[in-house]
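Architecture and fold: a report
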Amino acid sequence: MMNFFMKERRVYAGYDLSGTVLNQYQAGSFLASIAYVVDKGEGYLKLFQQNKYIFTQDLPLDNCYDATMITMIALELF
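First, a word on scope: everything that follows refers to the structure included in this document. (Residues numbered from 1 in each chain as written. Predicted model: local features only at pLDDT ≥ 70, side-chain atom pairs only at ≥ 80, totals over all residues. Heavy atoms only, no water.)

**Here we look at the overall build of the protein**
Note the cut-off: Elements are defined by DSSP. Helices are runs of H or I of four residues or more, strands are runs of E of two residues or more, and each kind is numbered from the N terminus. Atoms counted for the radius of gyration: C-alpha only. Globule rule: 2.2 Å times residue count to the power 0.38. Exposure classes here rest on a 1.4 Å probe applied to the protein chains alone. A residue is buried below 20% of its type maximum, exposed above 50%, and partly exposed in between. Should any heavy atoms of two residues lie within 4.5 Å, those residues are considered in contact.
If you tally the helices and strands in the protein, you get 4 helices and 0 strands. Relative to its length of 78 residues, the protein is compact, with a C-alpha radius of gyration of 12 Å against a globular reference of 12 Å. Overall, the C-alpha framework of the protein stretches about 30 × 30 × 15 Å when taken along its three principal axes. For the protein, the proportion of its 78 residues judged to be buried stands at 36%. Across the protein, every contact between residues at least 6 apart in sequence was considered, and the portion connecting residues at least 24 apart equals 43%.

**Structural notes on the side chain of Asp-66**
Heads up, the rule is: Charged-residue counts in this description rest on Lys and Arg as positive and Asp and Glu as negative, His and the chain ends being excluded. Definition used for salt bridges: Asp or Glu carboxyl oxygen within 4 Å of a side-chain nitrogen of Lys or Arg.
The residue Asp-66 is located in helix H4 (residues 64-77) in this model. Arg-10 is the oppositely charged side chain nearest to the buried, salt-bridge-free Asp-66, at an N-O distance of 13 Å.

**Some words on the environment of Asp-58**
Assignment of secondary structure puts Asp-58 in the loop between helix H3 (45-51) and H4. Residue classification places Asp-58 among the exposed positions, given a relative accessible area of 74%. Distance in space between the C-alpha atoms of Asp-58 and Lys-46 is 23 Å, their sequence separation being 12 residues.

**Some details on the packing of aromatic side chains**
So the rule is basically this: Note on aromatic pairs: the rings of Phe, Tyr and Trp (six-membered ring only in Trp) are paired at centre separations within 6.5 Å, and the planes decide the class, stacked below 30 degrees, edge-to-face beyond 60, tilted for the rest.
All told, the structure shown has 6 aromatic pairs when counted by the stated rule. Pairing Phe-5 with Tyr-15 gives two aromatic rings, centres 5.6 Å apart and planes at 65°, and the pair type is edge-to-face. Taken together, the positions of Phe-5 in helix H1 (residues 2-7) and Tyr-15 in the loop between H1 and helix H2 (28-40) put the pair 10 residues apart, joining distant regions of the chain. Tyr-15 matches Phe-5 in its accessibility class, with the two residues each being buried. Three or more aromatic residues joined by ring pairs form one cluster here, namely Phe-4, Phe-5, Tyr-15 and Phe-30.

**Some details on the packing of H2 against H4**
So the rule is basically this: Geometry is summarised by axes, namely lines fitted to C-alpha atoms with helices restricted to the contacting stretch, and by angles between N-to-C directions that run from 0 to 180 degrees. Note on terminology: angles under 35 degrees are roughly parallel, angles over 145 are roughly antiparallel, angles of 65 to 115 are roughly perpendicular, and the others are oblique. Take the far helix as your reference; a near helix turned counterclockwise from it by less than a right angle gives a left-handed crossing, and one turned clockwise gives a right-handed crossing. For this classification, the nonpolar set comprises Ala, Val, Leu, Ile, Met, Phe, Trp, Tyr, Cys and Pro, the charged set comprises Asp, Glu, Lys and Arg, and every other residue, Gly included, is treated as polar.
It is the contact of H2 with H4, at a shortest axis distance of 8 Å, that shows an interaxial angle of 15°. By the criterion of interaxial angle, the relationship of H2 to H4 is roughly parallel. Every pair of crossing elements has a handedness; the one defined by H2 and H4 is left-handed. Residues Gly-28, Ser-29, Ala-32, Ser-33, Ala-35, Tyr-36, Asp-39 and Lys-40 of H2 touch H4, and the partners they reach there are Tyr-65, Asp-66, Met-69, Ile-70, Ile-73, Glu-76 and Leu-77. Split into classes, the residues belonging to the contact of H2 with H4 amount to 8 nonpolar, 3 polar and 4 charged.

**Quick word on H2**
The condition is simple: Expected helix span is taken as 1.5 Å per residue step, with the number of steps being one fewer than the number of residues.
For H2, which comprises 13 residues, the first-to-last C-alpha distance of 18 Å matches the rise-based estimate of 18 Å (1.5 Å per residue) to within 8%. Among the residues of H2, Gly-28, Ser-29, Leu-31, Ala-32, Ile-34, Ala-35 and Val-38 are the ones counted as buried. Among the structural elements, H1, H3 and H4 are those in contact with the buried residues of H2.

Here's what the structure looks like:
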C-alpha cells in the first residue's frame, strides 16, 4: 500500500480498492496515519516530506477526529 502512495502526487482523503480517488480533498486523519507508517519504515522519506505540512498547520477546530489523529501522531513522531 505504501508503494501505491509513493507513486501518487498528492494523497487524498480516501481511495477505493482499485486505487481510484474517492474524495478531492486531503484529510489530516488520513495523512497522519500514513505519516506514522512512513516514519516506521524505510524508503518512504519522500512521501513523508510531501505530506508533512499537516503538522505545520493549525489544528482544525471543526473536526475533532482529524485534530486528535494529527496530535497523536505528532507526539509519537516528534
